[in-house]
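Structure assessment
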Amino acid sequence: SQQGEEDPQALSIQEGENATMNCSYKTSINNLQWYRQNSGRGLVHLILIRSNEREKHSGRLRVTLDTSKKSSSLLITASRAADTASYFCATLKGATNKLIFGTGTLLAVQP
Amino acid sequence: DAMVIQNPRYQVTQFGKPVTLSCSQTLNHNVMYWYQQKSSQAPKLLFHYYDKDFNNEADTPDNFQSRRPNTSFCFLDIRSPGLGDAAMYLCATSRDPGTYSNQPQHFGDGTRLSIL
């Protein structure tokens, strides 16, 4: 399977703490994207990092990419209860627009 | 607001009874995708349209078909739903990918399909 792996599978933290999720993938990529999915809803694009970038920030989100290790991490700082959701990494394969999703991390932020 | 809209949000059908799920977009995107997502799993791509060109995934069952009559609409037809087809079905769009595209995908809120 080309599917990426994410860890942890589930993460429970208190409001105000930081949350870190990791993603590993198997093939060479053009970019890596992170999506959030609230329960029973569609996926929302959070951030995209290109293969020639190492770090990217967007508000409380920080994404790193290490192409030599085929891994990425998503850090959410100062978490809020509203951040409770599943988070998926997804890689874009080759000269296509087909995303390969990771297995996802279920984040629960306790108020 | 430009968006991806899926109707209905919840669909119940009987075992073996054909069902159609619909997706519309106001983003004027070239590419439309259908994903199947089962509980606690990642979305799995079924097929996608690049304009009128249909691209099926190798492991998508023949039971699943799709139509795209125009840029704005795309339909997912399940000819004879089985119990294993109960899932959330997500529609997504993206702009013309070109080569080595860096375009995100825009998702609808999905249709949750139940099979009786």
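Here is a short report on the structure shown in this document. (Residues numbered from 1 in each chain as written. Chains lettered and ligands numbered in written order. Predicted model: local features only at pLDDT ≥ 70, side-chain atom pairs only at ≥ 80, totals over all residues. Heavy atoms only, no water.)

Counting 21 residues, the largest nonpolar core has A:Leu32, A:Trp34, A:Leu74, A:Ile76, A:Tyr87 and A:Leu107 as its most contacted members. Counting residues per element, the ones that place at least two in this core are β3 (19-24), β4 (31-37), β5 (43-50), β7 (61-66), β8 (71-76), β9 (85-92) and β11 (105-110) of chain A. Those residues within four positions of A:Leu32 in sequence are excluded, and the remaining contacts are A:Cys23, A:Tyr25, A:Ile47, A:Leu48, A:Ile49, A:Leu65, A:Ser72, A:Cys89, A:Ala90 and A:Thr91. Judged by nonpolar contacts, the second largest core, of 18 residues, contains B:Leu21, B:Cys74, B:Ile78 and B:Cys91. (Core = buried A, V, L, I, M, F, W, Y, C linked by side-chain atoms within 4.5 Å. Buried < 20%, exposed > 50% of the residue type's maximum accessible area, 1.4 Å probe, protein only. Helix = DSSP H or I, 4+ residues; strand = E, 2+ residues; numbered from the N terminus. Contact = heavy atoms within 4.5 Å.)

Our next topic: the sheet that holds strand β1 (residues 4-7) of chain B. Residue and element names in this part refer to chain B. The strand order across the open sheet built from 4 strands is β1-β3-β8-β7, with neighbouring strands paired in antiparallel fashion. The sheet terminates laterally at β1 and β7 (64-67), the two strands that pair on one side only. Here the strands of the sheet are splayed against their neighbours by 20 degrees on average, with no regard to which way each runs. Summarising the sheet, β7 and strand β8 (residues 73-78) pair through 4 bridges and their orientation is antiparallel. Paired with Arg67 across the two strands is Phe75, which belongs to β8. (Pairing = 2+ DSSP bridges. Axes fitted to C-alpha atoms, helices over the stretch in contact; angles between N-to-C directions.)

Counting from both sides, the interface comprises 26 residues of chain B and, opposite them, 23 residues of chain A. Buried area between chain B and chain A, summed over both chains or domains, comes out near 1800 Å², and the portion from carbon and sulfur atoms is 52%. Among the salt bridges present, the one from B:Asp109 reaches A:Arg41, with a minimum N-O distance of 2.8 Å. Summed over the shared surface of chain B and chain A, the result is 5 residue pairs in polar contact (both at pLDDT 80 or more). At the level of secondary structure, the elements contributing two or more residues to the side of chain B that touches chain A comprise β4 (31-37), β5 (44-50) and β9 (87-94) of chain B. Of the residues belonging to the side of chain B that touches chain A, the class tally is 11 nonpolar, 10 polar and 5 charged. (Buried area = accessible area lost by both parts, 1.4 Å probe. Salt bridge = Lys/Arg side-chain N within 4 Å of Asp/Glu carboxyl O. Polar contact = N/O pair within 3.5 Å; in protein donor to acceptor, adjacent residues only side chain to side chain. Nonpolar A, V, L, I, M, F, W, Y, C, P; charged D, E, K, R; others polar.)

All names here are of chain A. Under the definition given, this model contains 5 salt bridges over all chains. The shortest N-O distance in the salt bridge between Glu55 and Arg62 comes to 3.2 Å. Taking the relative accessible area as the measure of exposure, Glu55 reaches 39% and is therefore partly exposed. On the basis of relative accessibility, which here comes to 29%, the residue Arg62 falls in the partly exposed class.

Interpretation in functional terms is not warranted from these geometric data alone.
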